[in-house]
Amino acid sequence: MTRPLPQPPVARRIPNRIEQLGRVRHDEYAWMKDENWQEVLRDPALLREDIATHLRAENTYTAEILSGTQDLQATLVAEMKGRMQEVESYPPLPHGPWSYYTRYDGGAQYPVYARHRTDAPQDEQVLLDMNARAATHDYFAVATAAHSPDHRLFAYAEDTQGSEIYRVRVNDIATGEPLGPPIDNCSGAFTFAPDSRHLFWIWRDDHGRPARVYRRKVGGDTDILVYEEKDAGFFVGVEATRSGQWIIITAGNHDTSESWLIPAATPDAAPACVEARSTGVMYALHHWGTDFVVLTNAGGAVDFTLKLAPQDAPARANWRELVAHEPGRYITECQTFADWLVWRERHNANCRIIMQSRSGERHALAPREAAYDLSLSGGYEYDTVELRYIYQSPTTPRQWFAYDMARRTHTLLKQQDVPSGHDPAHYRCWRLMARAPDGQEVPVTVLGRHDAPCDGSAPLLLYGYGSYGHAIEPDFSTRVLSLVDRGWFYAIAHVRGGSEKGWNWFLGGRGKNKPNSFTDFIACAEHLVAQGFGTAGRIVADGRSAGGMVMGAIANMRPDLFAGIVAVVPFVDELNTMSDASLPLTPPEWPEWGNPLEDVAAYDLIESYAAYEQVRPRAYPAILAMGGLTDPRVTYWEPAKWVARLRENTLSSRPVMLRTNMEAGHRGATGRFDSLRDAALIHAFAIWAVETA
């Protein structure tokens, strides 16, 4: 006999009429937004009691619905944990006489930051034990951790609420004692000046936006304003060049940027603007000898090009071509060394790394698997021929390499070990191309067992994102193996809005083109069905953050395709959020989606696809929405309101569930083992959704 489903919470409806630009909408669940939400980010205990009661009731309902999967969730956690090294360390990065690294002790949730003398690896110095710092907090995260160039100091930015309001601490490495009071209300980003005597840090305003750069003398308590950004739509950043010659302040949004320079020799000098911002023009500087390498889209270089600019006169008028623009070859980033320039470029959802010597000779690293990820892994040293990079694919665990650019020789430093065992030959990766309604070919990466039948009998988990030009790389994931080993296919839909096929791929899913992200995802699902990788009604869709926008849209557009939809911290209340200029990301996001406060066309477009606005009486699939109470990016009330409206309208008997993490923000649980519980919940929901469809 089938156990009857528990009754879901019924959210009260409070009439709320909003008139805007001659349009009218109704938001009967607006009460879920605490009017003191900014205070709640700092102290979750301040959440209004009626909202807290409702969220707790939703959590209870979700737990009851999925109570039959508790044993499965425990099994999944055990499997995922079994694929992780309890004791783990990562290749040290040399910096002069020292080498710096992170490691995990057995059973530890968080890493230890440490170093040893390059010639004495047995003599470790612990710089920060995150486990000790996290012991008294329900949530703990570090955004930035860095040592000073003279190796005397170590600084880190910590968040203890999940609200991304960081506190920066600076310690004397020799004594372990703090130097001066901590810096509060930081965005999490900072950099030591090359003289090691000053720290540049970024202040966040009351709306959570990184808006000012301050300079503090190490050990002091006085902060000097260096730069203030007046445009609420621009975020600021700060960094020191790898060469140690300059400090760079950046300001920008998703399509326009500006840089300011401070000579490292005079860190108290006023910053000088390199090239005034011009709408649609982006540029980034990398110091190289007596020049700057400029990564830019100026002059119509949609997929970016590299220019060379003299350091004494780096304005655009003096830029000269270094690497020509080639449509479809998207240059994603670059690094400079004393005698080498390195850049990473992507073409058709795969990438390669290019190296150029001072003499102009070039060569490339370009693996040959169907789908893979090749990434630069950073480093501290400028005058070196050694490049660090990481290679992985859906079937191949991570491999860390040191590459001698002069000799063209590789040294494998570390290969990710899967303690429970992993044989890449037991798996297979496919790269497919799905045809979108407008004829564009959308890349799809698929992972399955080597013997999995492509006859439509296997269930499918389909992941998508598609925003901000962020590419979803075909990485190795020990977590998805729990589904694949159960006969599932796991697929990534590389939809427009990302940059997998270049910057035009991003532009093709942005602004007025945003609906392409949704129709691309649906086209990928249909193509996978046609190729035997799934069956309509036995697919679970998965998206997080801006990928949750895709989940909300496809739930309204093609609910019949899916047995279930997972939406983690989902951006699903787009019209109301983009109409609230007090929220942290709203002004910076207007170039991405449009400004519905001033532009009627933008209002109408956003309304046409906004998940919350487009909920109608339909037979929705099972839905699991997950939010974070202290999330400043996608606020907790977005999934809460969406779930309430879905539940009110669905014509199916499939449950619509909400799980809010009451002690975390956008990134969920931070401990490496604690986070497995969220992954296990998602996989258990997927299995449950298919089995009960």
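This one's a predicted model, so the numbers in the text were calculated from it and none came from an experiment.

Draft legend 1. Fine view of the overall build of the protein chain. The secondary structure content of the protein chain amounts to 13 helices and 38 strands. A globule of 693 residues ought to have a C-alpha radius of gyration of about 26 Å, and the protein chain, at 25 Å, matches this closely. For the C-alpha atoms alone, the extent of the protein chain along its principal axes is close to 75 × 55 × 50 Å. Relative to its full complement of 693 residues, the protein chain shows a buried share of 59%. Counting only contacts in the protein chain whose residues sit at least 6 apart along the sequence, the fraction spanning at least 24 positions is 57%. When the accessible surface of the protein chain is summed, it comes to about 26,600 Å², and 49% of that surface belongs to carbon and sulfur atoms. Charge centroids of the protein chain, computed over 69 positive and 87 negative side chains, lie 2 Å from each other.

Draft legend 2. Representation of unusual backbone geometry in the model. A positive phi is found at His151, a non-glycine position, where the angle reads about 70°. As for its position among the elements, His151 is in the loop between strand 8 (141-147) and strand 9 (153-159). A positive phi is found at Glu164, a non-glycine position, where the angle reads about 65°. Among the structural elements, Glu164 can be located in the loop between strand 9 and strand 10 (166-172). Under the relative-accessibility criterion, Glu164 is labelled buried at 12%.

Draft legend 3. Layout of the packing of helix 7 (residues 515-530) against helix 8 (residues 546-557). Relative orientation of the contacting elements helix 7 and helix 8 amounts to 65°, with a least axis distance of 9 Å. With respect to helix 8, the element helix 7 is oriented roughly perpendicular. In terms of crossing hand, the pair formed by helix 7 and helix 8 is right-handed. In this structure, helix 7 contributes Ser517, Phe518, Thr519, Phe521 and Ile522 to the contact, and helix 8 contributes Met549, Val550, Met551, Ala553, Ile554 and Met557. Tallied by class, the residues present in the contact of helix 7 with helix 8 amount to nine nonpolar, two polar and no charged.

Draft legend 4. A look at the packing of aromatic side chains. A full pass over the atoms with the stated rule returns 24 aromatic pairs. Geometrically, the ring pair formed by Tyr90 and Trp400 is tilted, given 5.7 Å between the ring centres and 50° between the ring planes. Placement of Tyr90 in the loop between strand 3 (88-89) and strand 4 (93-95) and of Trp400 in strand 29 (residues 399-404) is noted, with a sequence separation of 310 residues between them. Overall, the relative accessible area of 29% leaves Tyr90 in the partly exposed class. Since its relative accessible area comes to 12%, Trp400 is described here as buried.

Draft legend 5. Highlighting the pattern of salt bridges. Per the stated rule, a full pass over the model turns up 51 salt bridges. Of the charged contacts in the structure, one is a salt bridge between Glu361 and Arg408, with a shortest N-O distance of 2.9 Å. Linking Glu361 in the loop between strand 25 (350-357) and strand 26 (362-365) with Arg408 in the loop between strand 29 and strand 30 (409-415), this pair joins segments that are 47 residues apart in sequence. Judged by its relative accessible area of 40%, Arg408 falls in the partly exposed class. Within this structure, Glu79, Arg83, Arg449, Asp485 and Arg486 form a network of salt bridges that share partners.

Draft legend 6. Examining the nonpolar core more closely. Formed by 75 residues in total, the largest nonpolar core has its most connected members in Leu47, Leu55, Val446, Phe521, Leu528 and Trp642. Not counting chain neighbours up to four residues away, the residues in contact with Trp642 comprise Gly552, Ala567, Val572, Ala611, Tyr612, Val615, Ile623 and Ala625.

Draft legend 7. View of helix 7. For helix 7, spanning 16 residues, the distance from its first C-alpha to its last is 23 Å, which sits close to the expected 22 Å at 1.5 Å a residue. Restricting attention to buried positions, one finds in helix 7 the residues Asn516, Ser517, Phe518, Asp520, Phe521, Ile522, Ala523, Cys524, Ala525 and Leu528. Positive backbone phi, approximately 85°, marks Gly532, located one or two places after helix 7.

Draft legend 8. Inspection of the sheet that holds strand 15 (residues 235-240) at higher detail. Spatially, the four strands line up as an open sheet ordered 15-16-17-18, and their pairing is antiparallel. The open sheet terminates on both sides in strands that have one partner only, identified here as strand 15 and strand 18 (272-273). In this sheet, strand 18 lies alongside strand 17 (residues 257-263) in antiparallel orientation, the contact comprising two bridges. Bridge pairing in strand 18 links Leu261 to Ala272.

Draft legend 9. View of the sheet that holds strand 27 (residues 373-376). As summarised here, the arrangement of the four strands in space is 27-28-29-30, forming an open sheet in which the pairing is antiparallel. Bordering the open sheet on either side are strand 27 and strand 30, each of which pairs with just one other strand. Across the sheet, the mean angle separating the axes of adjacent strands is 30° when strand polarity is ignored. Taken together, the six bridges between strand 29 and strand 30 define a ladder with antiparallel strand orientation. Among the inter-strand pairings, Trp400 is bridged to a residue of strand 30, identified as Lys414.

Cut-offs applied
Residues numbered from 1 in each chain as written. Predicted model: local features only at pLDDT ≥ 70, side-chain atom pairs only at ≥ 80, totals over all residues. Heavy atoms only, no water. Helix = DSSP H or I, 4+ residues; strand = E, 2+ residues; numbered from the N terminus. Rg over C-alpha atoms; globule rule 2.2 N^0.38 Å. Buried < 20%, exposed > 50% of the residue type's maximum accessible area, 1.4 Å probe, protein only. Contact = heavy atoms within 4.5 Å. Areas by Shrake-Rupley, 256 points an atom, 1.4 Å probe, with all protein chains shown as cover. Lys, Arg positive; Asp, Glu negative; His and termini not counted. Charge placed at Lys NZ, Arg CZ, Asp CG, Glu CD. Axes fitted to C-alpha atoms, helices over the stretch in contact; angles between N-to-C directions. Parallel < 35°, antiparallel > 145°, perpendicular 65-115°, else oblique. Left-handed = near helix turned anticlockwise from the far one by under 90°. Nonpolar A, V, L, I, M, F, W, Y, C, P; charged D, E, K, R; others polar. Phe/Tyr/Trp six-rings, centres within 6.5 Å; stacked < 30°, edge-to-face > 60°. Salt bridge = Lys/Arg side-chain N within 4 Å of Asp/Glu carboxyl O. Core = buried A, V, L, I, M, F, W, Y, C linked by side-chain atoms within 4.5 Å. Expected span 1.5 Å × (residues − 1). Pairing = 2+ DSSP bridges.

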